[in-house]
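If you want the building blocks of each chain, they are given just below.
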Amino acid sequence: MEHAEIEARVKKVTAQVLGVEESEIKPESRFVEDLGAESVQSLELVAAFEDEFDIEMEEDAALQVKTVGDAVTFIARHLK
Amino acid sequence: MKTCIFEDSKWVNLTPLSYLRPVFQLRCGYHTLIERILPRLPGTKASFYVRDYLAPLVKKNFSFPVNEPETFENDVLLINGRWLLTGEAPLDTTREAAHVSGDSLVYALVRRETIRKLWKGSLEQLLNEIPAAVPRVPLQANLIEYPWQLIHHNPTVLREDFTATGLRGLQGKFASQSVIYGPPDLVYLAPGAEVHPLVVLDTNSGPIFIEEKVKIYPGARIEGPCYLGAKTEIMPGASIREGNSFGPVCKVGGEVEESIFHGYTNKYHDGFIGHSYVGEFVNLGALTTNSDLKNDYSTVSVPVNGTLVDTGELKVGSFFGDHTKTSIGTFFNTGSSVGIMCNITAGGILPKFFPSFVWYVNNKFMKGFGLEMMLETARSAMARRKRELSPEEEAVIRTVYELTREQRQAAIRKSRKT
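Just so you know, these numbers come straight off a predicted model, no measurement behind them.

**Q** Honestly, the overall build of chain B in this entry has me stumped. Any pointers?
**A** When helices and strands are tallied, chain B shows eight helices and 39 strands. Scaling as 2.2 N^0.38, a compact globule of 418 residues should have a C-alpha radius of gyration of about 22 Å, and chain B matches this with 22 Å. Seen through its principal axes, chain B has C-alpha atoms that stretch 65 × 60 × 45 Å. Looking at chain B as a whole, 58% of its 418 residues are labelled buried. Excluding contacts between residues fewer than 6 apart, the proportion of contacts in chain B whose partners are at least 24 apart in sequence is 45%. In chain B, the 46 positive side-chain charges and the 44 negative ones have mean positions that sit 4 Å from each other.

Printed below as a string of structure tokens:
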């Protein structure tokens, strides 16, 4: 999968889970500080990424994902 | 003669309570099961046989050999760690025999010649072969097979334990505005314990034993039989109904009936807990409540190791594994089993089985933030009570995390499909 497609789908999922406009979401956007993710929403985001890309995200590794760009890189690595 | 207190394969029936401790460290009445067995064996050399992953922790907590095959080189008295050994229960240490209850060995004295023939390196195999190799004696014994049996026996054992201690009277501070309602000689208040004003100790149904440094705050009502472990605090206005055992360093508020709190557990606020066993370092958020009676008055079933088991009892509550936390307003269904280190938030009708380490949020099982963060939380919770998470305890938790991984992932997968 192309990096651009992963990024687009990450933004779509993030917008759905956090209830923000896709246009507000940038690669450097931080889930908690910039997009307002509550701790429970962080869990929902992980679940939603796993469903969207059909991958397993180890909890401790997922915890290191802080920004939208981190999520794209993390998922791209899993899809390889 | 050596004595070996062992765990058999039924430890799994006592999960989640037995995940982080051997079965003989479960509590009933004033004591754990092992605290009842050891005093019956004065002068013998005791050793333990437990699950491999628990061995380093058990070795650290007791000064006895653990999982050492040398145990089986001479005469040996084997005792099942699930035995609730109370009162005058017989323990014949003179004749070679296997004392059995149902399909389980309760205890056996096996002579050196026999044990050397039978021991082939596997305890399970040894336990299977002993009843056929030595005289078999049927025994009526309280062998704890499921967690709710600890709750079932607790009121009777509490009464027996009070008699056995022989301790009576108010040696601690008892405010003059508080009352003992019922026979006054059914209270023991240890030195250093405090009963604040406007507390009612109701001994009409049984004795109340209050250990050192317990504090009971104003407005609390405590019914016997009841045991309050050292440094436990009973919050203002609490209604402690009959048949409760609270281990050390608990904080208990709201309404609690016929339950066992293992120790170091907080149920600070209002909310009802009944016919339940609560593990160590559990925190039950305000208004957390469990049902212990079904609306149709039918017998309660409890999930045990993936299977729903009919308890045959009308009143059964919930079983909470160590380090589990619940949010405010969490309501548990009758006969729920909650794993260790779960994090559960309120929402609708909850499932009856929570795999260990799972998070339950918005009516779905989720992965949570991972084991490392849970361990960090455990360290913080324990430090608040001046306890440390030892390397041995941490290793046990990491093993159970792997043991329960598939259960957890299955619940998460199923949850997403619904």
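**Q** Even after reading the chapter, I still don't get the pairing of strand β4 (residues 45-49) of chain B, so can you show me in this structure?
**A** The side chains of a regular strand alternate between the sheet's two faces. Residues and elements named next belong to chain B. Counting buried positions along β4 yields four of five residues, so the element is predominantly enclosed. Sheet topology note: the strand β1 (residues 2-6)/β4 ladder contains five bridges and is parallel. From the neighbouring strand, Lys 2 faces β4, where its bridge partner is Lys 45.

**Q** I tried to follow helix α8 (residues 405-417) of chain B on my own but got confused; where do I start?
**A** Turn by turn, an α-helix covers 3.6 residues, leaving residues three or four places apart pointing in a common direction. All names here are of chain B. A rise of 1.5 Å per residue sets the reference length of α8, with its 13 residues, at 18 Å; its end C-alpha atoms lie 19 Å apart and thus fit the reference within 8%. Residues of α8 that are buried include every one of Arg 408, Ala 411, Ile 412 and Ser 415, and no others. Down the axis of α8, the buried side of the element spans an arc of 100°, and every buried residue falls inside it. Facing away from the buried surface of α8 by more than 90 degrees, the exposed residues are Lys 414 and Lys 417. Check the buried side of α8 and you find it contacts β39 (364-366) and α7 (391-403).

**Q** What should I look at first to understand the interface of chain A and chain B in this one?
**A** Often, the extent of an interface is quoted as the loss of accessible area upon association of its parts. Taken together, the contact pairs 14 residues of chain A with 15 residues of chain B. Together chain A and chain B conceal approximately 1300 Å² of surface at their shared face, both sides included; 55% is due to carbon and sulfur atoms. Here A:Glu56 ties to B:Lys367 by a salt bridge, and the two come within 2.9 Å at their closest N and O atoms. Scanning the region where chain A abuts chain B turns up nine residue pairs in polar contact (both at pLDDT 80 or more). Contributing elements (two or more residues each) for the side of chain A that touches chain B: α2 (39-53) and α3 (59-62) of chain A.

**Q** Where do I start with the confidence of the model for chain A in this structure?
**A** Any residue range with low pLDDT should be treated as having predicted coordinates unsuitable for detailed reading. The predicted model of chain A has a mean per-residue pLDDT of 91, with 100% of residues at 70 or higher. The weakest mean pLDDT in chain A belongs to α3(A) at 85; the strongest belongs to helix α1 (residues 3-18) of chain A at 94.

**Q** Whenever I open this one, the sheet that holds strand β17 (residues 221-223) of chain B confuses me. Can you help?
**A** To summarise the sheet geometry, strands pair through backbone hydrogen bonds and adopt either a parallel or an antiparallel arrangement. All names here are of chain B. A sheet is described by the order of its strands in space; here six strands give the open sequence β11-β14-β17-β20-β23-β26, paired in parallel fashion. Strands with a single pairing partner mark the edges of an open sheet, and in this sheet they are β11 (179-181) and β26 (272-274). Across two bridges, β17 lies against strand β20 (residues 239-240) in parallel orientation. Within β20, the residue paired with Ile 222 across the bridge is Ile 240.

**Q** Could you clarify how one ought to interpret unusual backbone geometry in this entry?
**A** Generally, phi is negative for residues other than glycine and the peptide bonds are trans, each holding for most cases. Residues and elements named next belong to chain B. The omega angle of the peptide bond from Thr 15 to Pro 16 is 5°, so this bond is cis rather than trans. Here Pro 16 shows up in the loop between β1 and β2 (27-28). Of note, the bond from Gly 224 into Pro 225 is cis; its omega dihedral lies within 30 degrees of zero at 0°. Residue position: Pro 225 is located in the loop between β17 and β18 (226-228).

**Q** Can you help me understand the pattern of salt bridges in this one?
**A** Where charged atoms from two side chains of opposite charge approach closely, those side chains can pair. The tally for this structure, following the rule as stated, stands at 33 salt bridges over all chains. Where A:Lys12 meets A:Glu52, a salt bridge forms, and the shortest distance between an N and an O atom there is 3.4 Å. With A:Lys12 in helix α1 and A:Glu52 in helix α2, this pair connects stretches of sequence that are 40 residues apart. By relative accessible area, which is 23% here, A:Glu52 ends up partly exposed. In this structure, B:Arg241 engages B:Glu255 in a salt bridge whose closest nitrogen and oxygen atoms are separated by 2.6 Å. Of this pair, B:Arg241 sits in the loop between β20 and β21 (244-246) while B:Glu255 sits in strand β23 (residues 255-257); the two residues are 14 residues apart in sequence, bridging distant segments of the chain. The class of B:Arg241 is partly exposed, set by a relative accessible area of 24%. On the basis of relative accessibility, which here comes to 28%, the residue B:Glu255 falls in the partly exposed class. Each of B:Asp202, B:Arg221, B:Glu223, B:Arg241, B:Glu255 and B:Glu257 takes part in salt bridges that share partners, so that together they form one network.

About the criteria used
- Residues numbered from 1 in each chain as written.
- Chains lettered and ligands numbered in written order.
- Predicted model: local features only at pLDDT ≥ 70, side-chain atom pairs only at ≥ 80, totals over all residues.
- Heavy atoms only, no water.
- Helix = DSSP H or I, 4+ residues; strand = E, 2+ residues; numbered from the N terminus.
- Rg over C-alpha atoms; globule rule 2.2 N^0.38 Å.
- Buried < 20%, exposed > 50% of the residue type's maximum accessible area, 1.4 Å probe, protein only.
- Contact = heavy atoms within 4.5 Å.
- Lys, Arg positive; Asp, Glu negative; His and termini not counted.
- Charge placed at Lys NZ, Arg CZ, Asp CG, Glu CD.
- Pairing = 2+ DSSP bridges.
- Expected span 1.5 Å × (residues − 1).
- Arc of directions from axis to C-beta.
- Buried area = accessible area lost by both parts, 1.4 Å probe.
- Salt bridge = Lys/Arg side-chain N within 4 Å of Asp/Glu carboxyl O.
- Polar contact = N/O pair within 3.5 Å; in protein donor to acceptor, adjacent residues only side chain to side chain.
- pLDDT = per-residue confidence, 0-100.

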